[in-house]
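Residues per chain, in single letters:
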Amino acid sequence: MPHAKAAELPSLDAYKPVYFDAAEWSFILAACARLIPSDGEGPGAIETRVPVFIDLQLAGDFGKAADWYMEGPHTPDANPLLGFQSPLTPAEIYRKAIPVFQDWCKTTHGDAFEKLDPETQDAALTSLEKGEVKLAPELRDFFSFLLQNTKEGYFADPMYGGNHGMQAWVHVGFPGARGSYTEWVHNYNAEYPLGPVSISGERA
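The structure displayed is predicted, hence computed values, not measured ones.

Draft legend 1. Layout of the overall build of the protein. Check the secondary structure of the protein and you find 7 helices and 0 strands. Secondary structure elements of the protein, listed N to C terminal, follow the sequence α-α-α-α-α-α-α. In terms of overall dimensions, the protein has a C-alpha envelope of 55 × 40 × 35 Å along the principal axes. The contacts of the protein with a sequence gap of at least 6 include a subset with a gap of at least 24, amounting to 63%. Of the roughly 10,900 Å² that the protein leaves accessible, carbon and sulfur atoms contribute 53%. Where the 15 positive side-chain charges of the protein centre and where its 28 negative ones centre are 2 Å apart.

Here it is in structure tokens:
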């Protein structure tokens, strides 16, 4: 997957997606903004550039399922407890599922997802999560990927495009990629006083 440092990436407004087209990008921005909203206790998915993380992931090895076993036989409608069964890669699932969900939003709620009010967007995502949006069996993991990738982009090292400025780490008190904590081994219940450090050496 791309290893561009966060500092090399433009602001979210100026970012040019490498995988998503314009319509998909509008949806991803809106969906991430509801999954980790900006009006919560900490920074939201938009402030931490989670959509950039997802875009880079889908353009890279994860999106291609490069290190997954993807040979058949595939049984997409098998019990989910049996694991991933789709013949499609994660990138293909996003590409095929987004327009289906958008059509459902237009039919059910009267407009594309990104044009709905926040409460209706939340209701639409809840319907997607519950399986009330009729996706083909090979697309059924779409919401799971969307939610999981949003979480990953929020907490991943900034070198992968999300967690801009290590804001999520600062919010939860995670020290990042510091190399040694030996002096803190016996400091039980003591608050760690130093901010996080990224893999690239960036400090918050």
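That shown, we press on.
Draft legend 2. Spatial organisation of unusual backbone geometry. Put simply, Gly72 and Pro73 share a cis peptide bond, and its omega is 5°. By secondary structure assignment, the location of Pro73 is in the loop between helix H3 (61–64) and helix H4 (90–109). The phi angle at Arg49 is positive, at roughly 60°, despite the residue not being glycine. Inspection of the secondary structure assignment puts Arg49 in the loop between helix H1 (22–35) and helix H2 (50–59).

Draft legend 3. Representation of the packing of H1 against helix H6 (residues 142–155) within the structure. Look at H1 against H6: their axes get within 10 Å of each other, and the N-to-C directions meet at 70°. Compared by their axis directions, H1 and H6 come out roughly perpendicular. Between H1 and H6 the crossing geometry is right-handed. Between H1 and H6, the residues in contact are Phe27, Ile28, Ala31, Cys32 and Leu35 and Phe142, Phe143, Leu146, Leu147 and Thr150, respectively. Classifying every residue of the contact of H1 with H6 by side-chain character gives 9 nonpolar, 1 polar and no charged.

Draft legend 4. View of H4. With 20 residues, H4 should reach 28 Å at 1.5 Å per residue; the first-to-last C-alpha distance of 27 Å fits that figure. At Ala97, H4 shows its strongest bend, of approximately 25°, with the proline Pro99 following within four residues. Looking only at H4, the buried set comprises Pro90, Ala91, Ile93, Tyr94, Ala97, Ile98, Phe101, Gln102, Trp104 and Cys105. On its buried face, H4 is in contact with H1, H2, H3, helix H5 (118–129) and H6.

Conventions adopted
Residues numbered from 1 in each chain as written. Predicted model: local features only at pLDDT ≥ 70, side-chain atom pairs only at ≥ 80, totals over all residues. Heavy atoms only, no water. Helix = DSSP H or I, 4+ residues; strand = E, 2+ residues; numbered from the N terminus. Contact = heavy atoms within 4.5 Å. Areas by Shrake-Rupley, 256 points an atom, 1.4 Å probe, with all protein chains shown as cover. Lys, Arg positive; Asp, Glu negative; His and termini not counted. Charge placed at Lys NZ, Arg CZ, Asp CG, Glu CD. Axes fitted to C-alpha atoms, helices over the stretch in contact; angles between N-to-C directions. Parallel < 35°, antiparallel > 145°, perpendicular 65-115°, else oblique. Left-handed = near helix turned anticlockwise from the far one by under 90°. Nonpolar A, V, L, I, M, F, W, Y, C, P; charged D, E, K, R; others polar. Expected span 1.5 Å × (residues − 1). Bend = angle between axes of the 7 residues up to and from the residue. Buried < 20%, exposed > 50% of the residue type's maximum accessible area, 1.4 Å probe, protein only.

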